[in-house]
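Here is what each chain is made of, one letter per residue.
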Amino acid sequence: MAASELYSKYARVWLPDAAEVWKSAELIKDYTAGDLTLSLQLEDGTEVEYKIDPKTNKLPPLRNPNILVGENDLTSLSYLHEPAVLHNLKVRFIDSKLIYTYCGIVLVAINPYETLHIYEADIINAYSGQNMGDMDPHIFAVAEEAYKQMARDERNQSIIVSGESGAGKTVSAKYAMRYFATVSCSSGEANVEERVLASSPIMEALGNAKTTRNDNSSRFGKYIEIGFDKQHGIIGANMRTYLLEKSRVVFQAHGERNYHIFYQLCASSHLPEFKPFKLGCADDFHFTNQGHSPVIDGVDDAKEMCNTRRAFSLLGISDCDQMEIYQILAAILHLSNVEVKDQSADRSSISPDDVHLMVFCELMGVQCEEMAHWLCHRKLQTTTETYVKSVSKINAVNGRDALAKHIYSRLFSWIVGSINNALKSAAKQHSFIGVLDIYGFETFDVNSFEQFCINYANEKLQQQFNLHVFKLEQEEYMKEEIPWTLIDFYDNQPCINLIEAKLGVLDLLDEECRMPKGSDDTWAQKLYNTLLKQNAHFDKPRLSNRAFIIHHFADKVEYQCEGFLEKNKDTVNEEQINVLKKSKFDLLLKLFEDDEKATSSAGKLTSISGRAGQSQRDNKKTVGLQFRQSLHLLMGTLNATTPHYVRCIKPNDHKAPFTLDPVRAVQQLRACGVLETIRISAAGFPSRWTYQEFFSRYRVLMKQKDVLSDRKQTCKNILEKLIKDQDKYQFGKNKIFFRAGQVAYLEKLRSDKLRVACVRIQKTIRCWLARKKYLRMKESAITIQRHVRGHQARCYVKFLRRTRAAVVIQRNVRMWANRRRYQQQRSAAITIQCFLRAYMAREQYYKLMFEQKAVVIQKWVKGWLTRQKYRRTMAAIVLLQSCVRRMRAKKELKKLKVEARSVEHFKKLNVGMENKIMQLQHKINEQQKENRELTERLSAVERTQTMERERQSREIENLRRSEQETRAKVGTLPSLLEQLSFLQHELENTRKEKDDLEEQTKVYKEQTQQVVEELNMKNSLLSSEKDELNTVILEQVRQLTEIKTNVENTKQMEKDLGEERSRYQNLLSEHLHLEERHRDLKEQMDLSSSSRQFGHKRTDSNYSSNSSEFSQSLGSTDGEDSSIQTEDETQPAVDLSVLLKLQRRVKELEQDKQSLWQQLEKREEAQLEKAKEVEEQRTVGRAELDLETLKRQELESENKKLKQDLNELRKSLTNEDSELMPPAPGSLPYNILLEQLSSSTEELEMRKEEVLLLRSHMVRQEALKHKDSALGGSVKLDLSEIPSFQDVDRSPNIHTLNEDGELWLAYEGLKETNRLLELQMQEQERVHDEKCRKLLEEVKKLRDEKEQQQKLLVQSLHLPEDARIEAGLKHEITRLTSENLELMEQQEKQDKIIRKLKKQLKFYMKKVDDFEAANQQSDKASMINAPVRAVQITRKEKEFQGMLEYKEGDVSRLLKNLVIDLKPRGVAVSFIPGLPAYILFMCLRYADNVNDEQRVSNLLNTTISSIKGVIKRRGNDVEVVSFWLANTCRLRHCLKQYSGDEVFTTHNTAKQNEHCLTNFELSEYQQVFGDLAIQIYRQLIKCFEDLLQPLIVASMLEHETIQGVLGSKPTGLRKRSSSFPEEEAVTVEVLLQRLGLFHTTMSQHGMDSDLIKQVVKQLFYIICAVTLNHLLLRKDMCSWSKGLQIRYNVWQLEEWLAERELADCGAKETLEPLVQAAQLLQIKKKTEADAQAICTMCTALTTEQIVKVLTLYTPVIEFEERVSTTFITTIKSLLKDRVESSTLMMDAKKIFSVNLPFTPSSVALETIQIPASLNLSFLTRI
């Protein structure tokens, strides 16, 4: 397109500026071709003329549209040039507070000089697994891209971090390594990630220092290779360092510091281990005080020293080696203070008693005299002789400093080697990611050898960067198959050749170093002579012969030649080194081992010539040569990897936060290659769109007829119409490529089209509104006119009527007014006279009364004020005391809570955690009950007080009325006095009447006085009653406060219970995770050992570390404990983490506890055996009695059956209407029936006799039992009179004996019964007496306790307030402790009794089983011998008992068919929910019924292990996990439902209660199954999360329901890559379908509804957290239209909840942060009222999140506006007092604590049928 189209009126351009580099301006007149000037207006309103060069005709660069400003990627800008880049970075950095920006493949990082919360673990989790263009730019995105490419392409990666000092290179590299350590899991050695990260503080301490530009500047370059195995877990690392700045050890400029380690050592000199080093303050040493800046603001060197030592220890460097390192560093500090004295011009000396030299030699372990000698002398060697020559003071000081630098350099290299050894792994490295942290391009006022090497390295890196960028551009064009031409880019190979080629700068420098008399001046002349005219990149300054200029890619730099040779040679006095080699200090000898090896090898080579010294000097590598070789090695490594670039920018030189200096920024952008990247991109096709994105964005530019089904052809057609020049764009296979400026042109066309459409819409709407308003106004006007005219007519008639009536009214009113005025004047005169006279009399009376009563009033008022002040003071004191006591009690409570939550205490409490929870629940129920009672009492008291208050108010009202009457009467007293004075004045002669009046006055006064006294008495009574009421009210207030406190305590206990449950579940998951990890490690060790024995075998890779969420351990079962113990015994020593050690310790403690319990049970069993032997005699009688009872019951049952048969026979005989008529009398059947009837009658009589005999025998046995017992000691029975059964049987006449025996036995039975009743009454009296005695003892105890508390109260009253509170707390703690001990003792006693009773019950049950077996045998024998009758009586079929019989060997078979091989889908669809759980429980009932403890434990333990094995193998299958979660919960519910506890049996039917377990108490297994259910629940959540994770962002954020007008903005090179193809776009409907599938699966498996609600709540929380986290990290998603889309999606989620009746599960509340974030995107954001509304609305969002959303808010269309910084500042000020978490991200990994409520089953066990498809035919229903 023509320039006139772009440079039209209102177009914005950039003008060069000296201060701001570029300044924005706007055209005020269209540009036409040939114009020599542009008319522009600056942003401040100034109009300028921009001159255009007629030769080049170069116009100023155009400014991008506002919609493109602030983009994540600089290459997405339509106009790619320097001002656009600078402005985009400025907007992002200053306005949006974003420090990262993409520039193609480069990440530009600007140092904010402020701590930002964007590097936490939740941010790492958010970036993990994401594509690089999907999220906002971040160092974590680059690290994730490198990690992903390493895993996907199997190619090594490199991250190159560069920038000048203070730009943040070290921090960026550190965060990249932290990311790798977090997202990867080491498969080999433990804690390798921590060791890799631990190398950073060590290298910072030894290699970083404070400079004028940076407080933590890296003074060396390093390349860290992080090694990974095949599973992409970190296995080790290796570090290479480059060009340590050794000169900093001996010299620092003003405002700078030496290396951090020296100041850390001085700050820790007070520690005992550092005392031998004799250190002090950093200002005391020459090497640390030259910069006069020993302290860095905000840095504690002592604390940093602790971190350094901790890092050393973590890397395996022993304390001894650490102390040796510190010893050498301390020696270097003492060496700096060695004073060299000047003796002459060429002689110097050191005092032999120099303290610092002595300390140095002592620390180094060398001779002091020898070191002092060689510090001031040097050895000269010739071919024949060796001379020792003294040196001058300057040379001696230089030699001392060279020695210090050499020692520090050797120590630094040794520490790097030690770190590499610590990070080295024995496992084979599969791939690596390298992180290069190297100095950027540097140019100072004085540039020396260090800057030359740094800039040389940057030249090499820039060359590699340019080639890589060009290669990527070429690959992209070839991939899309578009024609392209070779892009010209800057090649800095000539500059590199100037430095490193033959006869280059480094070559000439090395040659000059080999010269005997080489100097800096001669080297400079060689440079001038050799390179000045031959190389365009080399130049000579005009005013200097000791400097040279090199034209680098970033800038030209002038280097001073002084010091180049000395720094390149890096010489040190060899004799000083030899002195150090004689030391006995081990570490010092290790430092110089390399020198000895090099010397020995050189000596062997030169032994023939005899010139060893010269050969050593020739063979020694110079610093330049070493650096060149290491740089070539580095470039080879980088070329073999895939590079990723991070360019760090220093925004200003003042370290001001979020302040950008444009001049400095542009310098660094040019130096780091960002602008070169922009230039390369701009030369090609920088803007790239997919066809679908282009169609969605520019659909508005098309007509309906232009839209085809083929999107690609549609885009081609519209582009050919819009852009005529086909060179401005190219069509690729998947994308459209645009040249620079074309997207801006398309955006201009789009905005113009939208603006025209808006104007047309506005025109039509305004016309419609105006016409509608006109018609409405016209109709209203006509209506108003009609009503107004009628109103005017009516008003005129009314006026005429009023005028006529007014005349009459005026006449009468005037007359009445004049008459009334006269009467008023007359009455007023009389009234005035009356009141004046009364006033004068009252004044006289009041004066007398006032003087008399004023004193009394003052007295009462002052007393009342004093009492009021006293009461307020007392109330304030009491309140203050209460507050202080409460504060101390809270502190003590917090302290106790902290102690209670400690690890050791938690271990102790973990054993009985469930019991404590039950106790807490019981205590909560009791407190709630007490609260209800107190509330009822309070309401009763309130009603009583209300009635009393009403009664008193009525009395007060009566008193008030009487008081008013009295006052009225008192008021008549002045009138009487007035009359009296009047009479005295008028009737002076009537003394008698006057005396009478005076007498009446006296009487009246006395009465009045009495009334006043009565009123005073009533007043006092009322005041006393008022005080009593106040005390009652205060007491009630106190009771209310106590009730509120109890309620708050109850709520707090409930909250603590929930927190404890959550903490317990988290610890349980961690415990199981660690156990599973330990088990996996052991399996791996076993596999590795087996593979070494039997050769390499392929293993299933599916069993990864992801399955370690589950374990196979059972902490509460004996069998598992024993298995764990054997594993621990046979397990070899493995280096596990601290948590594993703690876990193992917990297991050992639990094993010890179990063994102690076993020993205790064994002892109790032995005691019981002894007791059983003693009691065998007694139990024989009881056993016989039980046997006889059973026989009696059987006989009675048979009698009942005989009676029933007889009745049925009678009915059949008498029933004539029946179909089968009875036989006629006399017939053969009739006779047979009669015979049967008679035989049945005889049998019935015999059974009666046997029953009577058995009853008598039972009475006798009962008597014998009581005789042997303590109750029957006083009972004496003459049993000889009772005939034996043998006598009765031997009686010849059984009827006679039966008759006599029956009466006698009945009589004896009555006597025995009476005696037993008497004994029982005596026993009840004894029990009653015992209870009374106990109650008396309790009363006495309470009385003593009351007296003790009274004494304590009396004593505490004499103590001060603090001591009183402390004494009260101590007393309360003592009391509670004693109560706890008593309760624990009682609990132990009860446990012992329960165990004893259980064992006795087991013993008795065995006895009963034996007797039953004997009876069955006898019954069988009797049945065989019994005669066969002709008619058999049919019995009902025996009902099933809800048990399944199985053999002991069938357990594994049962679990294989029922658990391991079971397919959940078929069971869930075909059978009742929870069928496997019911079958397992029915088998368990059988094991309980046969009283086989081993079978019970074996079945339960094997079941748990099988379920865990299934979950471990198939833990990623949602159906399997959901199925076994439902069945595990159902089995746990069955254990509770049929446990026999009253809490659970209340929900059962009578039949279900009959099926309760009888022999074993399995509450511990209930807890184990509960823990297993929690594990499976967490695995189910993990499975759901893994399935939902790819859908959440795509459906909730990325999918757009309405495309086109509100489409996405242009993007750059890093296009967002969707995980799904376009035809399979992920919508919120797909997400809802997945949720519906989850819900259906759980419902089909019969999962509890409460558990389903908890799962749904957790899933909705995950959806909210993931969506909000991505919203906070994606600038392109923060727009008005996206907020509308999010609210629509949330509404759909809420509708889904309502459809499935899950609205009350709490899931809707978890979406509140996302809803508020969407509302925040849509709400108005301009005024302070808007800010107030936002603060009120966004209660679920933190301040950080609100500010982040407002900062990221990006207009998608030009009609929107960005949020101003002023508005954001207002938001911050309004929210500064909000107390909340400072984290930015929501914790997406948070799992709510799960609650497993008891849900009884209505399924009857006896009705359950076993399907044949389960292959369980070996089970038998009983």
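This is a predicted model, so every value here is computed, not measured.

### Some words on unusual backbone geometry
Phase 1 of the analysis: Its identity as a non-glycine residue notwithstanding, Lys 97 has a phi of 55°, on the positive side.
Phase 2 of the analysis: Inspection of the secondary structure assignment puts Lys 97 in the loop between α2 (82–95) and β5 (100–103).
Phase 3 of the analysis: Backbone geometry at Lys 655 places phi at a positive 60°, although glycine is not the residue there.
Phase 4 of the analysis: When you line up the elements, Lys 655 lands in the loop between β20 (642–649) and α25 (662–671).
Phase 5 of the analysis: Taking relative accessible area as the criterion, Lys 655 reaches 25% and is therefore assigned partly exposed.

### Side note on helix α47 (residues 1628–1644)
Phase 1 of the analysis: Compared with the 24 Å implied by 1.5 Å per residue over 17 residues, the 24 Å span of α47 between its first and last C-alpha is a close match.
Phase 2 of the analysis: Residues Val 1628, Leu 1631, Leu 1632, Leu 1635, Gly 1636, Phe 1638, His 1639, Thr 1641 and Met 1642 constitute the buried set of α47.
Phase 3 of the analysis: As for α47, its buried residues are in contact with α43 (1518–1537), α46 (1563–1598), α48 (1649–1672) and α49 (1680–1699).
Phase 4 of the analysis: Positive phi shows up at Gly 1646, right after α47, with a value of about 75°.

### Examining the sheet that holds strand β17 (residues 538–539)
Phase 1 of the analysis: Strand order in the open sheet formed by 3 strands is β17-β18-β19, with antiparallel pairing between adjacent strands. Whereas interior strands pair on both sides, the edge strands pair on one side only; in this sheet they are β17 and β19 (556–560).
Phase 2 of the analysis: For strand β18 (residues 547–551) and β19, the ladder comprises 5 bridges, and the chain directions are antiparallel. The residue bridging Phe 548 from the neighbouring strand is Tyr 559, located in β19.

### Description of the sheet that holds strand β3 (residues 37–42)
Phase 1 of the analysis: Strand order in this open sheet of 4 strands is β1-β2-β3-β4, and the pairing throughout is antiparallel. Each edge of the open sheet is held by one strand with a lone partner, namely β1 (12–17) and β4 (47–51). Shown here is a sheet whose adjacent strand axes are inclined to one another by a mean of 50°, direction ignored.
Phase 2 of the analysis: In terms of strand pairing, β3 meets β4 through 5 bridges, oriented antiparallel. Residue pairing in the sheet places Thr 37 in a bridge with Lys 51 of β4.

### Regarding the packing of helix α10 (residues 301–314) against helix α11 (residues 319–336)
Relative orientation and spacing of two packed helices are given, respectively, by the angle between their axes and the distance between those axes.
Phase 1 of the analysis: Two elements in contact, α10 and α11, have axes whose closest approach is 10 Å; the angle formed by their N-to-C orientations is 135°. As judged from the angle between their axes, α10 and α11 are oblique. Here the hand of the crossing between α10 and α11 comes out right-handed. Taken together, the residues of α11 that come into contact with α10 (itself represented by Met 305, Arg 309, Phe 312 and Ser 313) are Asp 319, Gln 322, Ile 325 and Tyr 326.

What counts and what doesn't
- Residues numbered from 1 in each chain as written.
- Predicted model: local features only at pLDDT ≥ 70, side-chain atom pairs only at ≥ 80, totals over all residues.
- Heavy atoms only, no water.
- Helix = DSSP H or I, 4+ residues; strand = E, 2+ residues; numbered from the N terminus.
- Buried < 20%, exposed > 50% of the residue type's maximum accessible area, 1.4 Å probe, protein only.
- Expected span 1.5 Å × (residues − 1).
- Contact = heavy atoms within 4.5 Å.
- Pairing = 2+ DSSP bridges.
- Axes fitted to C-alpha atoms, helices over the stretch in contact; angles between N-to-C directions.
- Parallel < 35°, antiparallel > 145°, perpendicular 65-115°, else oblique.
- Left-handed = near helix turned anticlockwise from the far one by under 90°.

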